[in-house]
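Remarks on the overall topology
The primary structure of each chain is shown beneath.
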Amino acid sequence: QVQLVESGGGLVQAGGSLSLSCAASRSIFSINVMGWYRQAPGKQRELVASITSGGITESADSVKGRFTISRDAAKNTVDLQMNSLKPEDTAVYYCNALVIRPVSGGMDYWGKGTLVTVSS
């Protein structure tokens, strides 16, 4: 089991910045992949950025150059730095942990989400 708690959402003007943080109940380095997803009203949940236990990152084309995912070992968090925010970034942002076990396969864990609202 992995419990995830997001923090850092809020209201920001277009062009501004926000930082999200995801605290995990076990070492983030023991989790195969951690990621941030978002879901805007009326849309499907989509991957924003992810980081593997080995530190490999990937991000959606829509946020490349603006968002950065990173890990804070001291706080045991996975953070998402969001710069140059646009109104279309408005969504509920969810933290995800993917744990892969040899026999049972992959298990996804989700946080409850944090709302990011970007005003124009």
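Residues numbered from 1 in each chain as written. Predicted model: local features only at pLDDT ≥ 70, side-chain atom pairs only at ≥ 80, totals over all residues. Heavy atoms only, no water.

1. Examining the overall build of the protein
Scanning the protein from terminus to terminus reveals zero helices and 11 strands. Secondary structure of the protein in N-to-C order comes out as β-β-β-β-β-β-β-β-β-β-β. What you see for the protein is a C-alpha radius of gyration of 14 Å, in line with the 14 Å of a compact globule of 120 residues. Overall, the C-alpha framework of the protein stretches about 50 × 30 × 25 Å when taken along its three principal axes. Looking at the 120 residues of the protein, the share that counts as buried comes to 38%. When contacts within the protein are restricted to residue pairs at least 6 apart in sequence, long-range pairs at least 24 apart make up 54% of them. With the model as given, the accessible surface of the protein reaches about 6400 Å², and the carbon-plus-sulfur share is 52%. Separation of charge centres in the protein, based on 11 positive and 9 negative side chains, amounts to 3 Å. (Helix = DSSP H or I, 4+ residues; strand = E, 2+ residues; numbered from the N terminus. Rg over C-alpha atoms; globule rule 2.2 N^0.38 Å. Buried < 20%, exposed > 50% of the residue type's maximum accessible area, 1.4 Å probe, protein only. Contact = heavy atoms within 4.5 Å. Areas by Shrake-Rupley, 256 points an atom, 1.4 Å probe, with all protein chains shown as cover. Lys, Arg positive; Asp, Glu negative; His and termini not counted. Charge placed at Lys NZ, Arg CZ, Asp CG, Glu CD.)

2. Considerations on the state of the cysteines
With the rule as written, the count across this model stands at one disulfide. Here cysteine 22 pairs with cysteine 95 through a disulfide, and the sulfurs are 2.0 Å apart. Classification of the bridge connecting cysteine 22 and cysteine 95 rests on its S-S torsion, roughly -80°, and on that basis the disulfide is left-handed. Placement of cysteine 22 in strand β3 (residues 18–24) and of cysteine 95 in strand β9 (residues 91–101) is noted, with a sequence separation of 73 residues between them. Neither cysteine 22 nor cysteine 95 differs from the other in exposure class; each is buried. (Disulfide = S-S within 2.5 Å.)

3. A few points about the packing of aromatic side chains
The tally for this structure, following the rule as stated, stands at two aromatic pairs. Look at tyrosine 37 and tryptophan 110: their rings are 5.0 Å apart centre to centre, the planes differ by 70°, and that puts the pair in the edge-to-face class. Linking tyrosine 37 in strand β4 (residues 33–39) with tryptophan 110 in strand β10 (residues 105–110), this pair joins segments that are 73 residues apart in sequence. Taking the relative accessible area as the measure of exposure, tyrosine 37 reaches 23% and is therefore partly exposed. Measuring from centroid to centroid gives 6.5 Å for tyrosine 94 and tryptophan 110, while their planes differ by 85°, and the two rings are edge-to-face. Pair noted here: tyrosine 94 is in strand β9 and tryptophan 110 is in strand β10, with a separation of 16 residues, a long-range link. Taken together, the ring pairs in this structure connect Tyr37, Tyr94 and Trp110 into an aromatic cluster. Lying over the aromatic face of tyrosine 94, arginine 45 brings its terminal NZ or CZ to 3.7 Å of the ring centre. Above the ring of tryptophan 110, the side-chain terminus of arginine 45 is found at 4.6 Å from the ring centroid. (Phe/Tyr/Trp six-rings, centres within 6.5 Å; stacked < 30°, edge-to-face > 60°. Lys NZ or Arg CZ within 6 Å of the ring centre and 35° of its normal.)

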